[in-house]
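# Coordinate analysis (summary)
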Amino acid sequence: MALILGIESSCDETAAAVVRDGCNVLSSAVASQIAKHAVHGGVVPELAAREHLTALRPVLDQALAEAGVTPSDIDAIAVTQGPGLIPALLVGLNFAKGLAIGWNKPLIGVNHFIAHIYAAFLEDGSRLLERADTYPLLALVVSGGHTSLLLVEADGKSRQLGCTMDDAAGEALDKASKLLGLGYPGGPIIQRTADGGDVTRYDFPRPLTGAAGKALAPENKYNFSFSGVKTALLYHYRRQSEANGGVFPAELMKDTVASYQEAVIDVLVRKTLTAAREFGVRTVVVSGGVACNGPLRTRFEQSTPSSIRLRLAPGKFCTDNAAMVAGCGYHYFRKSRFINLGADSFARLPMITEVPFL
Ligand code: KG4
Ligand code: ZN
């Protein structure tokens with residue numbers, strides 16, 4: 001039995017959690033900085049770092065109290081090492097290093113991207129990871145920082161099939177919301193605004209799908225691009241505003257947002273399920289902040305063939321949290337894969353050739 005403390009600070013959520021044996025979430029405390037960044041229309045890395053500095057201790061205390069444990073009960077400290085915003089990551093990593101020294105515990109550096117995938121297996125799913133019939137597994141990680149497809153084989157060998165060439169899907173939603181003056185963070189606002197709207201009213205492009213009759217280069221089959229959809233929205237917004245005395249008509253907002261969200265969802269679902277068929281996958285995982293999106297979840301539920309197991313990360317573990325870090329960290333712990341006090345944070349996603357939970 002192992003009790004892992006997780007620490008997360010890669011973006012604008014400060015989080016700490018205690019997880020037993022990689023699956024039993026005893027506590028998951030999250031302090032969101034959304035209100036602090038909203039006035040700037042997006043995350044300001046230096047501001048995030050300062051906020052983490054003040055929030056980490058109270059969040060840690062909350063996680064320990066809710067779990068009903070003391071530092072001496074903890075077996076190891078797992079911390080997000082990257083990818084993410086370097087100033088934000090550094091605060092969490094150094095905080096975790098301080099705990100490791102003060103409490104005399106081993107330190108684990110967790111890859112945030114892999115932790116997002118692991119989030120789909122917390123609580124009731126960890127046994128699935130041990131079953132051969134779970135693989136090949138295809139994970140779509142779709143958040144503010146990532147839109148990537150990772151293929152995982154039964155021996156743990158992994159490879160990235162594709163990723164976004166410009167904006168991440170969450171970023172495309174956040175920027176659209178900002179453009180339309182709807183606020184930050186865009187994903188949940190867009191979902192709410194789109195509710196009940198006509199998704200077919202405006203035909204936004206589906207980049208890199210071949211939908212527009214443009215030949216798709218083989219190397220882009222599983223890559224994504226959302227900048228074109230964003231530009232199409234900008235032109236639509238300008239056109240409609242110019243035709244209406246310089247003001248975008250409020251009555252077009254719902255259908256505009258619904259059609260835009262639909263374009264993003266369509267590309268995500270289409271590419272994921274095409275890859276699932278091509279590689280004969282047995283499990284499809286969808287995780288990351290955008291996986292909270294109701295219409296995206298519904299579309300995956302409706303479109304995934306019944307022969308494929310669909311694991312949508314639970315809503316509470318889609319956006320950044322430390323339970324996924326502690327849960328994933330348990331598997332590094334089992335293999336004694338620790339980092340030393342000289343370890344550094346990293347901003348970009350390294351090439352992933354294996355996952356630690358196998
Ligand atoms: O995973 P996450 O918390 O942070 C990153 O690692 O990026 O994801 C944040 C992203 C933001 O872009 C946010 O707008 C999006 O997830 N998001 C949503 C929803 N809730 C959060 N996107 C669509 N629908 C939602 N309900
Ligand atoms: Zn994240």
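Residues numbered from 1 in each chain as written. Chains lettered and ligands numbered in written order. Predicted model: local features only at pLDDT ≥ 70, side-chain atom pairs only at ≥ 80, totals over all residues. Heavy atoms only, no water.

## Notes on the sheet that holds strand S1 (residues 3-8)
Pairing in this open sheet of five strands is mixed, and the strands run S3-S2-S1-S4-S5 from one edge to the other. If you trace the sheet from one side to the other, it starts and ends with strand S3 (24-32) and strand S5 (107-111), each paired once. In this sheet, adjacent strand axes meet at a mean angle of 20° when their direction is disregarded. Along the sheet face, helix H2 (residues 45-67) touches S1, strand S2 (13-20) and S3 and points at about 25° away from the line of S2. Contacts from helix H3 (residues 86-103) reach S1, strand S4 (76-82) and S5, with the element oriented near 160° to S4. (Pairing = 2+ DSSP bridges. Helix = DSSP H or I, 4+ residues; strand = E, 2+ residues; numbered from the N terminus. Axes fitted to C-alpha atoms, helices over the stretch in contact; angles between N-to-C directions. Contact = heavy atoms within 4.5 Å.)

## Here's the deal with unusual backbone geometry
Of note, the amide linkage connecting Gly82 to Pro83 takes the cis form, showing an omega dihedral of -5°. With respect to the helices and strands, the residue Pro83 is situated in the loop between S4 and H3. Tyr135 connects to Pro136 through a cis peptide bond whose omega is 0°. Structurally, Pro136 can be placed in the loop between helix H4 (112-118) and strand S6 (137-142). At Asn104, a position not held by glycine, the phi torsion is positive, near 60°. By relative accessible area, Asn104 is classed as exposed at 69%. (Buried < 20%, exposed > 50% of the residue type's maximum accessible area, 1.4 Å probe, protein only.)

## Structural notes on the packing of helix H6 (residues 186-194) against helix H8 (residues 253-278)
Following both chains from N to C, one finds H6 and H8 inclined at 120°, their axes separated by 8 Å at the closest point. What the angle tells us is that H6 and H8 run oblique. H8 is crossed by H6, and the crossing has left-handed handedness. Here Ile190, Gln191, Arg192, Thr193 and Ala194 of H6 come into contact with H8, specifically with Met253, Lys254, Val257, Ala258 and Gln261. (Parallel < 35°, antiparallel > 145°, perpendicular 65-115°, else oblique. Left-handed = near helix turned anticlockwise from the far one by under 90°.)

## Some details on the packing of aromatic side chains
Given two aromatic rings, their pairing is described by the distance between the two centres and the angle made by the two planes. Applying the stated criterion to the full structure yields six aromatic pairs. Measuring from centroid to centroid gives 5.7 Å for Tyr118 and Phe357, while their planes differ by 50°, and the two rings are tilted. Taken together, the residues span a long stretch of sequence, with Tyr118 in helix H4 and Phe357 in the segment after helix H10 (323-334) at a distance of 239 residues. Overall, Tyr118 belongs to the buried group, its relative accessible area being 0%. Given a relative accessible area of 4%, Phe357 falls into the buried group. With a centroid separation of 5.0 Å and 25° between ring planes, the pair formed by Tyr237 and Phe248 is classed as stacked. With Tyr237 in helix H7 (residues 227-242) and Phe248 in the loop between H7 and H8, this residue pair connects regions lying 11 residues apart in the sequence. By relative accessible area, which is 10% here, Phe248 ends up buried. Sitting over the ring of Phe224, Lys271 keeps its end group 5.8 Å from the ring centre. (Phe/Tyr/Trp six-rings, centres within 6.5 Å; stacked < 30°, edge-to-face > 60°. Lys NZ or Arg CZ within 6 Å of the ring centre and 35° of its normal.)

## Concerning the domain arrangement of the chain
You'll often see interface size given as the accessible area lost when the parts meet. For the chain, the domain assignment lists domain 1 (3-119 + 317-334) and domain 2 (133-313). On a C-alpha basis, the centres of domain 1 and domain 2 stand 27 Å from each other. Listed by partner, the interface residues are 15 residues for domain 1 and 16 residues for domain 2. Between domain 1 and domain 2, a total of about 1,300 Å² is buried, with carbon and sulfur atoms accounting for 78% of that surface. (Domains from an automatic or database assignment. Buried area = accessible area lost by both parts, 1.4 Å probe.)

## Thoughts on the coordination of the zinc ion (ligand 2)
Looking at the metal site, the zinc ion (ligand 2) is ligated by His112 (NE2), His116 (NE2) and Asp320 (OD), spaced 2.0 to 2.1 Å from it. In this structure, the zinc ion (ligand 2) is surrounded by four donor atoms whose angles at the metal cover 95 to 133°, and the resulting shape is tetrahedral. All donors of the zinc ion (ligand 2) belong to a single chain; written as a sequence motif, their spacing is H-x3-H-x203-D. Taken as a pair, His116 in helix H4 and Asp320 in the loop between strand S10 (309-312) and H10 lie far apart in primary sequence, 204 residues in all. For the pair formed by His116 and Asp320, the shared burial category is buried. (Donors = N, O, S within 2.8 Å, 3.2 Å for Na, K, Ca; no water. Tetrahedral: all angles 85-135°; square planar, octahedral: opposite > 155°, others 65-115°.)

## Quick look at the site of ligand 1
Around ligand 1 lies a shell of 18 residues, among which Gly144, Asp174, Gly187, Gln191 and Asp320 are the nearest. Between ligand 1 and the protein, one listed contact pairs an oxygen atom with a side-chain N or O atom of His116 at 3.2 Å. In the model, an oxygen atom of ligand 1 is placed 3.0 Å from a nitrogen or oxygen of the Asp320 main chain. Relative to its free-state accessible area of 550 Å², ligand 1 is covered by the protein chains to the extent of 89%. Only H4, helix H5 (169-179) and H6 provide two or more residues apiece to the shell around ligand 1. For the shell around ligand 1, the residue count by class is five nonpolar, 11 polar and two charged. (Near = heavy atom within 4 Å. Polar contact = N/O pair within 3.5 Å; in protein donor to acceptor, adjacent residues only side chain to side chain. Areas by Shrake-Rupley, 256 points an atom, 1.4 Å probe, with all protein chains shown as cover. Nonpolar A, V, L, I, M, F, W, Y, C, P; charged D, E, K, R; others polar.)

## Considering the sheet that holds S6
If you walk across this open sheet you meet the five strands as S8-S7-S6-S9-S10, and the pairing is mixed. Each end of this open sheet is capped by a strand with a single partner; those strands are strand S8 (158-163) and S10. Between one strand and the next, the sheet's axes are offset by a mean angle of 20°, whatever the strand orientation. In this structure, strand S7 (residues 147-152) lies alongside S8, joined through five bridges in antiparallel fashion. Within the sheet, the bridge partner assigned to Leu151 lies in S8 and is Arg159. Where H8 meets the sheet, its contacts fall on S6, S7, S8 and strand S9 (283-287), and the angle it forms with S6 comes to roughly 160°. Sitting on the sheet, helix H9 (residues 294-303) is in contact with S6, S9 and S10, with an inclination near 170° to S10.

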